There are 2 protein chains.
Amino acid sequence: MDVEQTKIPQATAKRLPLYYRFLNNLHSQGKLRVSSKELSEAVKVDSATIRRDFSYFGALGKKGYGYNVEYLLSFFRKTLDQDETTEVALIGVGNLGTAFLNYNFTKNNNTRIQIAFDADHSRVGTEVGGVKVEHVDDLEDKIGRVSVAILTVPSAAAQGMAERLVEAGVTAILNFTPARITVPSHVRVHHIDLAIELQALVYFLKHYPLEEAVEEE
Amino acid sequence: MDVEQTKIPQATAKRLPLYYRFLNNLHSQGKLRVSSKELSEAVKVDSATIRRDFSYFGALGKKGYGYNVEYLLSFFRKTLDQDETTEVALIGVGNLGTAFLNYNFTKNNNTRIQIAFDADHSRVGTEVGGVKVEHVDDLEDKIGRVSVAILTVPSAAAQGMAERLVEAGVTAILNFTPARITVPSHVRVHHIDLAIELQALVYFLKHYPLEEAVEEE
DNA sequence: CTCACTATGTGAAACATTTAACGACTTATG
DNA sequence: CATAAGTCGTTAAATGTTTCACATAGTGAG
Ligand SMILES: NC(=O)c1ccc[n+]([C@@H]2O[C@H](COP(=O)([O-])OP(=O)(O)OC[C@H]3O[C@@H](n4cnc5c(N)ncnc54)[C@H](O)[C@@H]3O)[C@@H](O)[C@H]2O)c1
Ligand SMILES: NC(=O)c1ccc[n+]([C@@H]2O[C@H](COP(=O)([O-])OP(=O)(O)OC[C@H]3O[C@@H](n4cnc5c(N)ncnc54)[C@H](O)[C@@H]3O)[C@@H](O)[C@H]2O)c1
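A brief report on the enclosed structure follows. (Residues numbered from 1 in each chain as written. Chains lettered and ligands numbered in written order. Predicted model: local features only at pLDDT ≥ 70, side-chain atom pairs only at ≥ 80, totals over all residues. Heavy atoms only, no water.)

### A short note on the relation of the copies chain B and chain A
Moving on, step 1. You can overlay chain B on chain A at an RMSD of 0.0 Å; the transform is a turn of 180° with a shift of 0.0 Å along its axis. The symmetry that links the two subunits is that of a two-fold axis.
Moving on, step 2. Taken as a fraction of all interface residues of chain B, those also at the interface in chain A reach 100%, which identifies the copy contact as same-surface. (Least-squares fit on C-alpha atoms with pLDDT ≥ 70 in both. Contact = heavy atoms within 4.5 Å.)

In structure tokens form, the structure reads like this:
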């Protein structure tokens, strides 16, 4: 597959899975076509932004008509590699890790948590969400060719585990710990820092007032 | 408090809680000063960006010296309103909701989940993470003056619950459901869409190659 | 077949964010 | 005290993203 499309802005790339999901919804509702304006209302992204995003992939729509849902969907399916499942490992079967294992990411989605590890012997051997929990000591033996990992260990263990994961061949980490981990430059890390998201929301609430609340009449 | 600081870029505002957390770490390690360069390595944000961010608040540092950790920390404590606790409601005590209730957001943080609601009678009355679970029918009665809500209900229930929350006075929602909810313009919604984050990570992995992995010698 | 309408795709402008570069001041050192 | 080294705060440039606005082309009703 041509890796030459590196021109697509990152902001656009982050919206693709969102478009894909809503297109799927429309498709299963039996809708045959959709305009950028309709899609805009559903995903809360400006319609011009949607058209711009789509245009990076060429002319996907028809003037005066809109987009054919089926065509667009199959285009994105290819673009997002929805036909091949990406296997994911999860490290740390605690509160968050358990929630993720119980959640079926594969519903609308090409990713599946294939294997889980924990350091707590009492968890090892149990099955959570259909995935057997392995001991973290066996990580190198059992992780196989999985290249994506979700990290939900205590923050003190994050850096150490990241290093082991990288050593074992992982090249993408979704890090839910508050630790900012250091990895070699060929490894991609996305941080999802829930405490910060909550604090930031509160900060915006207090310092960036939106339009005045309208009392009902 | 002056709401006139609306000049601070949103990108900066989102980083403030991160700075605050690391400053706290440094402080408890007994560090007295820190340079933008050191901080940069810890939080993985370019040092020029850090200096620029800080400069929106005036001259917090000393040339040739860096920043005084204690001073900076107390400045951010005020700025982020860390002295008053913000009360938060959680709607939907399922997998994710339970994880959040069990997590102590207050550790380093001015937010606390104060009250939780669920529709499932078998959960109501139980206590999760020290928070009693109320029935969602009592939401309007019991939510009080809480203005921030975390939404972890099934996506089909998201829009309806959002409307009830807004009606009950909530003005900020952290939405973990895949549904893109519609709210009045005075309500702030932040979406955290975990399935999309995972898909986006996979997309970047495949289409935005980083530097070539170096085989060990 | 005609024509009013609709909605795309995009050039250009507006806006937002990051990064580079450096003068100015501080501290440390001999 | 003079000088070297360090680090901020900021101006300006570079980069990235969103939005506007409209020519254009295809649609669909009559
Ligand atoms: N739960 C939340 O709502 C929440 C919110 C924000 C951030 N976080 C962060 O997410 C991470 C996980 O949170 P949690 O609430 O699930 O914690 P948790 O303590 O419930 O789970 C951590 C799990 O990791 C396991 N573990 C410990 N060391 C390990 C290692 N070296 N290798 C593999 N497994 C190991 C533990 O046995 C445990 O099962 C933490 O870093 C936490 O700060 C969680
Ligand atoms: N668990 C995950 O890892 C994960 C990942 C991505 C997205 N999500 C999304 O987060 C949301 C919650 O996920 P989950 O795994 O915790 O689901 P869940 O089914 O475990 O929990 C949902 C809870 O909400 C309760 N509920 C249902 N209707 C309600 C209502 N009207 N009012 C109050 N409570 C109600 C249910 O009784 C249940 O306890 C879902 O929208 C899901 O799509 C979850």
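Now that the structure is up, let's keep going.
### Some words on the layout of surface pockets
Moving on, step 1. Reported here for the largest pocket is a volume of approximately 1,500 Å³.
Moving on, step 2. When contributions to the lining of the largest pocket are tallied by element, the ones reaching two or more residues are helix 1 (10–28), strand 9 (188–191) and helix 8 (194–207) of chain A together with helix 1 (10–28), strand 9 (188–191) and helix 8 (194–207) of chain B.
Moving on, step 3. Its residues assigned to classes, the lining of the largest pocket shows 18 nonpolar, 7 polar and 14 charged. (1 Å grid on protein atoms, 1.4 Å probe; cavity = no way out; pocket = protein on both sides within 12 Å on 5 of 7 lines; lining within 4 Å. Points joined across faces, edges and corners; volume = space filled by probe spheres on them. Helix = DSSP H or I, 4+ residues; strand = E, 2+ residues; numbered from the N terminus. Nonpolar A, V, L, I, M, F, W, Y, C, P; charged D, E, K, R; others polar.)

### Focus on the protein's contact with DNA strand D
Moving on, step 1. Close contacts around DNA strand D come from 28 residues, with Arg15 and Arg33 of chain A together with Ser36, Arg52 and Gly61 of chain B the closest.
Moving on, step 2. Counting only the atoms of DNA strand D that lie within 4 Å of the protein, the sugar and phosphate share comes to 60%.
Moving on, step 3. Note that a phosphate oxygen of DNA strand D is positioned 2.8 Å from one of the backbone N or O atoms of glycine 61 of chain B.
Moving on, step 4. Elements that contribute at least two residues to the surface near DNA strand D include exactly helix 1 and helix 3 (47–55) of chain A together with helix 3 (47–55) of chain B.
Moving on, step 5. If one sorts the elements of the surface near DNA strand D by residue count, helix 3 of chain A sits on top with 4 residues. (Near = heavy atom within 4 Å. Polar contact = N/O pair within 3.5 Å; in protein donor to acceptor, adjacent residues only side chain to side chain.)

### A word on the nonpolar core
Moving on, step 1. Residues Phe100, Ile150 and Phe176 of chain A together with Phe100 and Ile150 of chain B are the most contacted members of the largest nonpolar core, which totals 48 residues.
Moving on, step 2. Apart from the residues lying within four places of it in its own chain, the contact partners of isoleucine 150 of chain A are Val88, Ala89, Leu90, Ile91, Phe100, Ile113, Leu174 and Phe176 of chain A together with Leu198 of chain B. (Core = buried A, V, L, I, M, F, W, Y, C linked by side-chain atoms within 4.5 Å. Buried < 20%, exposed > 50% of the residue type's maximum accessible area, 1.4 Å probe, protein only.)

### Quick look at the interface of chain B and chain A
Moving on, step 1. Tallying the contact residues gives 76 residues for chain B and 77 residues for chain A.
Moving on, step 2. For the pair chain B and chain A, the summed buried surface comes to about 6,800 Å²; carbon and sulfur atoms form 64% of the total.
Moving on, step 3. Among the residues chain B hides against chain A, the three largest losses belong to Leu198, Gln199 and Leu201 of chain B. Together they make up 10% of the total.
Moving on, step 4. Inspection of the region where chain B meets chain A yields 4 salt bridges.
Moving on, step 5. We note a salt bridge from aspartate 193 of chain B to arginine 21 of chain A, for which the minimum N-O separation is 2.3 Å.
Moving on, step 6. Linking chain B to chain A there are 16 residue pairs in polar contact (both at pLDDT 80 or more).
Moving on, step 7. Of all elements in the fold, only helix 1, helix 2 (36–43), helix 5 (95–102), strand 7 (148–151), strand 8 (172–175), strand 9 and helix 8 of chain B reach the threshold of two or more residues within the side of chain B that touches chain A.
Moving on, step 8. A total of 14 residues in the side of chain B that touches chain A trace back to one element, the largest contributor, which is helix 8 of chain B.
Moving on, step 9. Here the residues of the side of chain B that touches chain A sort into 42 nonpolar, 20 polar and 14 charged. (Buried area = accessible area lost by both parts, 1.4 Å probe. Salt bridge = Lys/Arg side-chain N within 4 Å of Asp/Glu carboxyl O.)

### Describing the site of ligand 2
Moving on, step 1. Not every one of the 24 residues close to ligand 2 is listed here, only the nearest: Phe100 of chain A together with Asn95, Leu96, Asp118 and Val153 of chain B.
Moving on, step 2. At the site occupied by ligand 2, nearby residues are drawn from chains A and B.
Moving on, step 3. Tyrosine 103 of chain A has a polar side-chain atom sitting 3.2 Å from an oxygen atom of ligand 2.
Moving on, step 4. Bound to the protein, ligand 2 loses 83% of the 820 Å² it would expose on its own.
Moving on, step 5. Broken down by secondary-structure element, the contributors of at least two residues to the shell around ligand 2 are helix 5 (95–102) of chain A together with helix 5 and helix 7 (155–167) of chain B.
Moving on, step 6. Sort the elements by how many residues they give to the shell around ligand 2 and helix 7 of chain B lands first, with 3 residues.
Moving on, step 7. Residue composition of the shell around ligand 2, by class: 15 nonpolar, 6 polar and 3 charged. (Areas by Shrake-Rupley, 256 points an atom, 1.4 Å probe, with all protein chains shown as cover.)

By themselves, these figures tell us nothing about what the structure is for.
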